[in-house]
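Summary of structural features
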Amino acid sequence: MALFIAGNTPRTPHREIAEALKDPGFGRWFTDDMARADWSPEQGWHGFVLAPTGAIPMHPGLAALHYGQEIFEGLKAYRHPDSSVWLFRPGMNAARFARSATRMAMPPLPEEVFIDSVVELVAHNLAWVPEPTGGASMYLRPFMFGSETLIGVRAANAYTYIVLGMPVMPFYPDPLRLWITPNYSRSMAGGTGEAKCGGNYATALIAENQAHDMGCQQVLWLDSATRSLVEEGGTMNFFAVTADGELLTPALNGQILAGVTRDSLLALAPHHDLTPVERELTLDELLDGIASGRITETFACGTAAVISPVVGLRSPDVEITVGDGTPGATTRALREHLTGIQFGTRDDIFHWMHRVG
Ligand code: COI
């Protein structure tokens, strides 16, 4: 039985939804309902509702506003050719959300509650799931924050969990050039790099601005200790394709986000005659490999981004084009395969899809 039960949320007329779905952008429109639950030491998780998406009253002393106790997730619902609607690997997001909560001294949300919240939100807002034209889908943004009024520093004693739903297009419409920042770091040993917490994105913004100033769209993050190892792309995991058939990505080291798309591409690799390899990748090996032709393609991936070809890298010392500067054949084939499974036009060989409506 569903935990999250819909109330009397007013429904947006179908013709208005149809208008919004013509050009959904990313985060411009929201579903009629959002899911919500709260946590207190006495009651644990309680108050599971689908309520109208809208403002939430908060005291300016809210813990999350002062000390950043906030985590989030991103997953998508896809419309298939027969009009049915499916989530992609929601269990992976549920498990990562619980790990992020533990790292941030927050109460983990039981994985079955996470899955129920996204399933019920999508099921009650099916009209907002777009047709797949151009890669459109519904993005789900579950998040949790310390909601106690708290100025003294400690883990909060009250938390709110909310899921927002929104029709979206892929986040990066064009191939990317990544900026190798000389002076900022995203994560460190013992830090929060593998947690999906808002703070990781806040600290990255200054380097993203630097990237834009340098004619790039995102950052390629290096390890903070030696600045010699590739970790991940901003908002995405990073991959290289080698001339001898490896699909190479930096191994998870506690400082890299364990991406669901990353994991899925490693599983698909053998179906494209690629050997999945997770190991340390030095910046020197990456740049030398691109220059010599040993690395033929690079791309970055994530739920929002899907698979974005990386066609160039730039640092204060180096500017290099990958291959011929256009998206490579392997990148395109992996993208076609993954999105084919998500949109129901390719066999779901790993049973990743979870039907909602
Ligand atoms: C996601 O891919 O789900 C993210 O959280 C990245 C963000 C750029 C939307």
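For clarity, every value in this text was computed on a predicted model and none was experimentally measured.

Conventions used here
- Residues numbered from 1 in each chain as written.
- Predicted model: local features only at pLDDT ≥ 70, side-chain atom pairs only at ≥ 80, totals over all residues.
- Heavy atoms only, no water.
- Axes fitted to C-alpha atoms, helices over the stretch in contact; angles between N-to-C directions.
- Helix = DSSP H or I, 4+ residues; strand = E, 2+ residues; numbered from the N terminus.
- Parallel < 35°, antiparallel > 145°, perpendicular 65-115°, else oblique.
- Left-handed = near helix turned anticlockwise from the far one by under 90°.
- Contact = heavy atoms within 4.5 Å.
- Patch = residues over 30% accessible without salt bridge, like charges linked within 9 Å, V, L, I, M, F, W, Y side chains within 5 Å.
- Areas by Shrake-Rupley, 256 points an atom, 1.4 Å probe, with all protein chains shown as cover.
- Salt bridge = Lys/Arg side-chain N within 4 Å of Asp/Glu carboxyl O.
- Pairing = 2+ DSSP bridges.
- Buried < 20%, exposed > 50% of the residue type's maximum accessible area, 1.4 Å probe, protein only.
- Domains from an automatic or database assignment.
- Buried area = accessible area lost by both parts, 1.4 Å probe.
- Polar contact = N/O pair within 3.5 Å; in protein donor to acceptor, adjacent residues only side chain to side chain.
- Near = heavy atom within 4 Å.

**What about the packing of helix 3 (residues 90-103) against helix 4 (residues 111-123)?**
- Two elements in contact, helix 3 and helix 4, have axes separated by 9 Å at closest approach and are oriented at 130 degrees. Taken together, helix 3 and helix 4 sit at an angle that is classed as oblique. Crossing of helix 3 over helix 4 shows right-handed handedness. Of the residues in helix 4, those in contact with Pro 90, Gly 91, Asn 93, Ala 94, Ala 95 and Phe 97 of helix 3 are Glu 111, Phe 114 and Ile 115.

**Some thoughts on a nonpolar patch on the surface**
- Together, Tyr 67, Ile 151 and Val 153 line one region of the surface with nonpolar side chains, adding up to about 320 Å² of accessible area.
- You can see Ile 151 is positioned in the loop between strand 7 (137-146) and strand 8 (159-168).

**Side note on the pairing of strand 3 (residues 44-52)**
- Here strand 1 (residues 5-6) pairs with strand 3 via two bridges, running parallel. Bridging across to strand 3, Ile 5 finds its partner in Val 49.
- Here seven bridges tie strand 2 (residues 33-40) to strand 3, and the two strands are oriented antiparallel to one another. Bridge pairing in strand 3 places Arg 36 opposite Val 49.

**Concerning the pairing of strand 12 (residues 237-242)**
- When you tally the buried positions in strand 12, you get six out of six residues, the bulk of the element.
- Burial along strand 12 is two-sided: the residues Asn 237, Phe 239 and Val 241 and Phe 238, Ala 240 and Thr 242 are all buried.
- Relative to strand 15 (residues 295-302), strand 12 runs antiparallel, the two being bridged by six bridges. From the neighbouring strand, Asn 237 faces strand 15, where its bridge partner is Cys 301.
- Bridge count for strand 12 against strand 13 (residues 246-250) is two bridges, and the pairing is antiparallel. Among the inter-strand pairings, Ala 240 is bridged to a residue of strand 13, identified as Leu 248.
- Taking the residues that link successive antiparallel strands as the turn, the strand 12-strand 13 hairpin has three residues, and the phi of Gly 245 there is positive, at about 85 degrees.

**Observations concerning the domain arrangement of the protein**
- When its domains are assigned, the protein resolves into domain 1 (5-168) and domain 2 (176-342).
- The C-alpha-based centres of domain 1 and domain 2 are spaced at 27 Å.
- Contacts between the two partners involve 20 residues from domain 1, matched on the other side by 20 residues from domain 2.
- Summing both sides of the interface, domain 1 and domain 2 together bury roughly 1700 Å²; the carbon and sulfur share of this comes to 59%.
- The interface formed by domain 1 and domain 2 holds one salt bridge in total.
- We note a salt bridge from Asp 263 to Arg 89, for which the minimum N-O separation is 2.9 Å.
- In this assembly, domain 1 and domain 2 are joined by 12 residue pairs in polar contact (both at pLDDT 80 or more).

**What to know about the site of the ligand**
- In the vicinity of the ligand, the contacting residues are Phe 72, Gly 74, Tyr 139, Arg 141, Phe 171, Lys 196, Thr 235, Thr 303 and Ala 304.
- Arg 141 places a polar side-chain atom, nitrogen or oxygen, 3.5 Å from an oxygen atom of the ligand.
- Within the side chain of Lys 196, an N or O atom sits 2.8 Å from an oxygen atom of the ligand.
- Within the complex, the protein chains bury 90% of what would otherwise be the 290 Å² of accessible surface of the ligand.
- Both domain 1 (5-168) and domain 2 (176-342) contribute no fewer than three residues apiece to the shell around the ligand.

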